[in-house]
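Structural overview for review
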Amino acid sequence: MRPLPPNATDCHVHIFGPADRYPLDPQRVYTPGDASVAALDALHARLGIGRVVLVQPSVYGTDNRRLVDALAELGPRARAVAVIDAATGDDELARLHGAGVRGVRVNLATAGMNDPSAALALLRWNAARVAPLGWHVQILTRPAVIAALGDALAGLATPLVVDHFGLPDLARGPGQAGFATLCRLVRTGRVLVKLSAIERLAGAGGGEALGPFIAALVAANPSALVWGSDWPHTGGGRGAGRKSTDVEPFEPLDDALAVAVLARSVPDESDFRELFTRTPARLYDFPQGAHP
């Protein structure tokens, strides 16, 4: 495997459990098993990852306690993206900032929200709340919403980070409307994209199908991209015949294969360092050129 640069950053992971200490949201659409900091550390030691960004999963709603406790376990090599609502006060935002949070997530896709007007209102509200802290807003949504909102996504009060390539239809190629819009927005520098969940999108061992999408985003702006493993690879409630309260097994995906896809798809060494180290350091407020 191509060696990763120093302080390579995994910008999208989740920590879960134990459930008796960190209760799940009754309105969740799936139930994960436990995924510990120790297991995450083992993965990152194998891959050569030095820094990590935790993302609040939908199953915890706006209860960020598991996120904050994991930040304390991981120390200064970790940052996080939380979820907030109208009940989150400025004092709580300040506490989250002190713990290492540097962004908020708006998860539209899991909630099935596809109304562009409602999505934009929610994005603007979140951006207004966290802009004074220098945070960003992260969104998980589908190409139709991205295409409908267009330039409005680059006009938020904060930078916007789009999860999982914007969930494109791989069969339609990088010219499809939502993804083409995303590439145009990436050129502005106000919208960034997570090259995350590669095997979740393409299927186990199928990551090469994302090569043309990666190439299009790199051509648009190599300084507006970060990578995330999406560990521990939840099913997100996609499996048929399972109740939301049934524990859903994690998908057995190999994150080394996703890194290998990126190593082949981003041949320029400077662009590779931007992706894994420099852009994450800027976006998540890590020290530049230092450890941790």
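Heads up: the structure comes first, above all this text.
First, a word on scope: everything that follows refers to the structure included in this document. (Residues numbered from 1 in each chain as written. Predicted model: local features only at pLDDT ≥ 70, side-chain atom pairs only at ≥ 80, totals over all residues. Heavy atoms only, no water.)

The end-to-end C-alpha separation of helix H11 (residues 269-284) is 22 Å, in line with the 22 Å expected for 16 residues at 1.5 Å each. For H11, the set of buried residues is Asp271, Phe272, Glu274, Leu275, Phe276, Thr277, Thr279, Pro280, Ala281, Leu283 and Tyr284. In this structure aspartate 268 caps H11, since a side-chain oxygen of it lies 3.0 Å from the backbone nitrogen of serine 270. Just downstream of H11, aspartate 285 is the residue with a positive phi angle, here 65°. (Helix = DSSP H or I, 4+ residues; strand = E, 2+ residues; numbered from the N terminus. Expected span 1.5 Å × (residues − 1). Buried < 20%, exposed > 50% of the residue type's maximum accessible area, 1.4 Å probe, protein only. Polar contact = N/O pair within 3.5 Å; in protein donor to acceptor, adjacent residues only side chain to side chain.)

It is worth spelling out the environment of glycine 178 at this point. Secondary-structure assignment places glycine 178 in helix H7 (residues 177-186). A relative accessible area of 5% means that glycine 178 is categorised as buried. Residues glycine 178 and proline 143 lie 35 residues apart in sequence; the distance between their C-alpha atoms is 4.0 Å. Among residues more than four places away in sequence, those in contact with glycine 178 are Pro143, Ile146 and Ala147. (Contact = heavy atoms within 4.5 Å.)

All right, on to the sheet that holds strand S9 (residues 225-228) then. Spatial strand order, S1-S3-S4-S5-S6-S7-S8-S9: 8 strands in an open sheet with parallel pairing. Of all the strands in the sheet, just strand S1 (9-13) and S9 have a single pairing partner and so form its edges. Mean inter-strand twist for the sheet, computed between neighbouring axes without regard to direction, equals 25°. As judged from the 3 bridges shared by strand S6 (residues 136-140) and strand S7 (residues 160-162), these two strands associate in the parallel manner. Bridged to glutamine 138 within S7 is valine 161. Against the sheet, H11 engages S1, strand S3 (51-55), strand S4 (78-82), strand S5 (101-107), S6, S7, strand S8 (191-196) and S9, with an angle of about 100° to S9. (Pairing = 2+ DSSP bridges. Axes fitted to C-alpha atoms, helices over the stretch in contact; angles between N-to-C directions.)

Locating glutamate 199 in the fold gives a position in helix H8 (residues 198-202). It turns out glutamate 199 is buried and unbridged, and the closest side chain with the opposite charge, arginine 264, is 8.9 Å from it. With residues near it in sequence (within four places) discarded, glutamate 199 still touches Ala204, Gly205, Gly206, Leu253, Asp254 and Leu257. (Lys, Arg positive; Asp, Glu negative; His and termini not counted. Salt bridge = Lys/Arg side-chain N within 4 Å of Asp/Glu carboxyl O.)

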